[in-house]
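Observations on the model geometry
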Number of protein chains: 2
Amino acid sequence: MSKDLTPAVKGTRDFYPEEMAFRKWLFGIMRDVSESFGYQEFDGPEIEYLDLYAGKTSEEILSEQAFMTQERDGTKIMLRPEITPTFARMVAQKSRGLLKPVRWYAIGRCWRYEKPQRGRAREFFQWELNILGPESAEADAEILAILATFFQKLGLTPEEVVVRVNDRSYFEQVITENGISADKYMPLLRIVDRKEKISTEEFNADLRAEGLSEEQVVALNRYFDEKDYSQSSWLSRVFTALESYPGVSGYIVYDPTIARGLDYYTRTVFEAWDKTGNLRRALFGGGRFDNLTAAIGGERVPGVGYAVGDMGITEVLEQFGKKPDLSAPVVTLLVSVLSQETLSRSIEVVSYLRSAGVRCELWSDAVSDLGKQLKYANNKKIPYLAIIGEDEISSNTVVIKDMLSGEQSSMELEAVAGFIS
Amino acid sequence: MSKDLTPAVKGTRDFYPEEMAFRKWLFGIMRDVSESFGYQEFDGPEIEYLDLYAGKTSEEILSEQAFMTQERDGTKIMLRPEITPTFARMVAQKSRGLLKPVRWYAIGRCWRYEKPQRGRAREFFQWELNILGPESAEADAEILAILATFFQKLGLTPEEVVVRVNDRSYFEQVITENGISADKYMPLLRIVDRKEKISTEEFNADLRAEGLSEEQVVALNRYFDEKDYSQSSWLSRVFTALESYPGVSGYIVYDPTIARGLDYYTRTVFEAWDKTGNLRRALFGGGRFDNLTAAIGGERVPGVGYAVGDMGITEVLEQFGKKPDLSAPVVTLLVSVLSQETLSRSIEVVSYLRSAGVRCELWSDAVSDLGKQLKYANNKKIPYLAIIGEDEISSNTVVIKDMLSGEQSSMELEAVAGFIS
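Residues numbered from 1 in each chain as written. Chains lettered and ligands numbered in written order. Predicted model: local features only at pLDDT ≥ 70, side-chain atom pairs only at ≥ 80, totals over all residues.

**Notes on the overall build of chain A**
Each helix and strand in chain A was counted, giving 15 helices and 16 strands. Taking 421 residues into account, the globule formula puts the C-alpha radius of gyration at 22 Å, and chain A, at 28 Å, lies well above it. Counting only residues that meet the buried cut, chain A has 42% of its 421 residues in that class. Restricting the contact set of chain A to residue pairs at least 6 apart, pairs at least 24 apart contribute 69%. (Helix = DSSP H or I, 4+ residues; strand = E, 2+ residues; numbered from the N terminus. Rg over C-alpha atoms; globule rule 2.2 N^0.38 Å. Buried ≥ 20, exposed ≤ 12 C-beta atoms within 10 Å, placed from the backbone. Contact = placed C-beta atoms within 7 Å.)

If you want it as structure tokens, here you go:
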């Protein structure tokens, strides 16, 4: 009957209770932050027809990183690589019926069929948060303020992490002002996206290859070096609003090199980075996507938002020693069972204590000696053990043993919850 | 640019915030009940190699209801149809290192590629809960007590739902006592599984077709009619323990016709049903699986548990009018923004109130008139609106409008949280 154990699929993760406790803690902070800003949780399916992604999600993901399955008739179904297209579909389906602004978030599983490597798995989670409706710089500032609040709640400081913000339409304005044709916008944006990874010489050569004059190359270099957003009325409004959020603006800087690959971003774009640069990639990103719902066939509804992956954040928390200690015992008390005859009273005791809000375990059979139960409580670091024998039943009491000090105290059942809390 | 909207995949569900609020409520009860009994949450991947299911999950599911994808080398990967095999794999992987009893639960998404129909979707959730280690009737009683507590917390009464319990090994004992060969056990169990759906004549004919004598047919009929578990020492211990759990035993009855299809159950098996019978199928089921971890290649660790699907429970709650009203407003207060000049103070007010624990929304731009903001608060049923104009800024106050009564009160910022709570 026995055979080799089938392993987990490569690039997936098993969440044993210890890992799950961390995941719950992290997701709990995401939920609290979202809801304190008035965002409501939604969720969609984890599978969508391939069509939904075509033309929005990057070609690289669709052609090389897709987990695919299909309908019996051959229609292609994809395990979602991101949540944004599902969000856009759900909004587009009932767009006119939705009260704007729509403030929604989701925390869900996504897949990428890629070679598993450090900090990347084929199965991961994303916290997706968007505000839909307003085409205002104040909405962008709110989104950035939520991210900074998230970092605050995680205990990550502005010395450790940073959100780098740009305005794509400001870049468009700069190239136009320098006499560069508007149809160079996307090709130039792709060069900007690589700027941090290449030398100034390579960058300039790439610009020249796009047909820019020496004067235009100089002008663009000045724009990148000066890091001055005062000519962007949009970014000026974003940063003005951010200054009024207490403790937030320290996390956020203007960076004209931020471009974001995804074509659906229209204006503000941003990326979070760890300041040591050890991760060598953005922690996560987001931006304004004013045409996304229209692009998938719905009404045009402007929006802004982001998607935070759980793995990058976890690495950063580890790197800065900010992962919390979540090793607290699951239950406060183990109710022992001494015999078949005393079982009934042990069950009454554990049921009473549960109804009084005490988390407790009942020993799992009526035939173990007390030594085994003590050992279990010790190994599991359960702080208290309840002992109920014939004597306790006749005197209507319970003996509570403090597992750390070894002290035993006899008391009435009604006194136990108070004693151990 | 616009095109037809790509629809959701058939048999999947979109959870808009209203549906999500119900899902969160339901999962919250599952979590609270699990944790009050000392169970810890775990989770595994939602994809597993096909091999993990072969020989455990039913052939019908594997051959006809599997959502499949694959590795580049052709290794078959399945979207999990249930969580139990993943649970068994995770336990088997570190079996000797785990402190027994293992009390774990999970709430996760599962898939079946079936024709969508009422109460069944191709994407659904299961609450999986197991205790691993003890081979004791007391552990089985605990599992049943958890289910009954779950029903209590949902507001479902013993008049509305019932858990029907059987002991497969008692049936084995009965057939052996009546001189029926042990190798008839599985074929007869399959006939028992159909008993409720066929007439007594058909049932008896099926028994005779398995080679049973008239005397044996009569004896088995008596066993089913009498519904007397006193000769099963195992069931006697289960029901004795259940009586000590307050309010629990009313939900649980002995029923010798419960068989459960899955081969991995070894002893106690059970199914939950709605008493009206309107659902025409079990709400969910479970049982004791003492050989599962050994069957997938690990050490033998006995266990008992269940998997509750979210769709059956939801239907039952609807049927009995027990779905809760979750339409409470998401936020207590909308902080309005009157102009670009007052924006900064509005942000300070909303930030202060959030830090004081008040859930509030900030109006999403600095160019809307107050009427639009009032209308939004009204439509979204937000109970209070904060108004901060030039006068409020110079007098360092906030005007709070009660949206129901229309009354406006001016106060200091520090007084707002108390006023609206």
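Now, onward.
**As for the interface of chain B and chain A**
Listed as interface residues are 78 residues of chain B and, on the opposing side, 78 residues of chain A. A total of 6 residues in the side of chain B that touches chain A trace back to one element, the largest contributor, which is helix α12 (residues 343-355) of chain B. A per-class count over the side of chain B that touches chain A returns 38 nonpolar, 18 polar and 22 charged. (Nonpolar A, V, L, I, M, F, W, Y, C, P; charged D, E, K, R; others polar.)

**Considerations on the confidence of the model for chain A**
Per-chain confidence: chain A averages 92 in pLDDT, with 96% of residues scoring 70 or above. Here the predicted complex carries an ipTM of 0.93, next to a pTM of 0.94. (pLDDT = per-residue confidence, 0-100.)

**Thoughts on unusual backbone geometry**
Glycine aside, negative phi is the norm for most residues, and most peptide bonds take the trans geometry. The peptide bond linking A:Lys100 to A:Pro101 adopts the cis configuration, its omega dihedral lying at -5°. Relative to the elements of secondary structure, A:Pro101 occurs in the loop between α3 (84-93) and β5 (102-111). The phi dihedral of B:Arg280 is positive, around 60°, even though this residue is not glycine. Position of B:Arg280 relative to the elements: it lies in the loop between β9 (268-274) and β10 (284-288). C-beta crowding within 10 Å serves as the criterion here: with 10 such atoms nearby, B:Arg280 is assigned to the exposed category. Backbone geometry places B:Lys381, a non-glycine residue, at a positive phi of 55°. As for its placement among the helices and strands, B:Lys381 is situated in the loop between α13 (370-379) and β14 (384-387).

**Some points on the relation of the copies chain B and chain A**
By a simple turn and slide, chain B fits onto chain A: the slide is 0.0 Å along the axis, the RMSD is 0.1 Å, and the turn is 180°. The transformation relating the two chain copies, once decomposed into turn and shift, fits a two-fold axis. Of the C-alpha atoms belonging to chain B, the one lying closest to the rotation axis is found on B:Thr69, 2.6 Å away. Comparing interface residues between copies, 100% of those in chain B also lie at the interface in chain A; the contact surface is shared. (Least-squares fit on C-alpha atoms with pLDDT ≥ 70 in both.)

**Considering the sheet that holds strand β4 (residues 76-79) of chain B**
All names here are of chain B. What the 3 strands build is an open sheet, ordered β2-β4-β3; its pairing is antiparallel. At either margin of the open sheet sits one strand with a lone partner, and together these are β2 (47-49) and β3 (68-70). Neighbour to neighbour, the strand axes of the sheet diverge by 35° on average, direction disregarded. Judged from the 3 bridges that link them, β3 and β4 form a sheet pairing that is antiparallel. When the bridges of β4 are listed, Met68 appears paired with Met78. (Pairing = 2+ DSSP bridges. Axes fitted to C-alpha atoms, helices over the stretch in contact; angles between N-to-C directions.)

**What to know about the sheet that holds strand β13 (residues 360-362) of chain B**
Residues and elements named next belong to chain B. One open sheet accounts for 5 strands, arranged β13-β12-β14-β15-β16; its pairing is mixed. Unpaired on one side and paired on the other, β13 and β16 (408-411) mark the two borders of the sheet. Averaged over all adjacent pairs, the angle separating strand axes in this sheet is 25°, with direction ignored. Of the pairings in the sheet, the one linking strand β12 (residues 333-335) to β13 comprises 3 bridges and is parallel in character.

**Regarding the domain arrangement of chain A**
Structurally, chain A comprises domain 1 (17-319) and domain 2 (333-420). Here the C-alpha centroids of domain 1 of chain A and domain 2 of chain A sit 53 Å apart. (Domains from an automatic or database assignment.)

**Points about the packing of helix α1 (residues 17-36) of chain B against helix α4 (residues 137-154) of chain B**
Residue and element names in this part refer to chain B. Taken N-terminus to C-terminus, the directions of α1 and α4 make an angle of 140°; their axes are 10 Å apart at the nearest point. Here α1 is positioned oblique relative to α4, judged by the angle of their axes. Between α1 and α4 lies a crossing of right-handed hand. Here Ile29, Met30 and Val33 of α1 come into contact with α4, specifically with Ile146, Thr149, Phe150, Lys153 and Leu154. Of the residues in the contact of α1 with α4, the class split is 6 nonpolar, 1 polar and 1 charged. (Parallel < 35°, antiparallel > 145°, perpendicular 65-115°, else oblique. Left-handed = near helix turned anticlockwise from the far one by under 90°.)

**Considering the pairing of β5(A)**
Residues and elements named next belong to chain A. Here β5 lies mainly inside the structure; 8 of its 10 residues are buried. The pairing of strand β1 (residues 40-41) with β5 spans 2 bridges and is classified as parallel. Its bridge partner being in β5, Glu41 is matched across the sheet by Tyr105. Here β5 pairs with strand β6 (residues 123-132) via 10 bridges, running antiparallel.

**A short note on helix α8 (residues 214-226) of chain B**
In an α-helix, one turn spans 3.6 residues, which is why side chains three or four residues apart end up on the same side. Taking 1.5 Å per residue as the helical rise, α8(B) with its 13 residues ought to reach 18 Å, and the 18 Å between its terminal C-alpha atoms agrees with that figure. Following α8(B) by one or two positions, B:Lys227 adopts a phi angle in the positive range, close to 45°. (Expected span 1.5 Å × (residues − 1).)

**Overview of the packing of α4(B) against helix α9 (residues 233-244) of chain B**
Residues and elements named next belong to chain B. Packing of α4 against α9 brings their axes to within 8 Å, and their N-to-C directions diverge by 50°. Classified by the angle their axes make, α4 and α9 are oblique. Judged by the sense of rotation from one axis to the other, the crossing of α4 with α9 is right-handed. Every residue of α9 that contacts α4 at Ala137, Glu138, Asp140, Ala141, Leu144 and Ala145 is listed here: Trp234, Arg237, Val238, Ala241 and Leu242. Counted by class, the contact of α4 with α9 contains 8 nonpolar, no polar and 3 charged residues.

**Re the nonpolar core**
Residues and elements named next belong to chain B. Leu144, Leu147 and Leu242 are the most contacted members of the largest nonpolar core, which totals 112 residues. A total of 12 residues in this core trace back to one element, the largest contributor, which is α4. Sequence-distant contacts of Leu242, that is, excluding residues within four places in its chain, are made with Ala141, Leu144, Ala145, Val248, Ser249 and Ile252. (Core = buried A, V, L, I, M, F, W, Y, C linked by C-beta atoms within 7 Å.)

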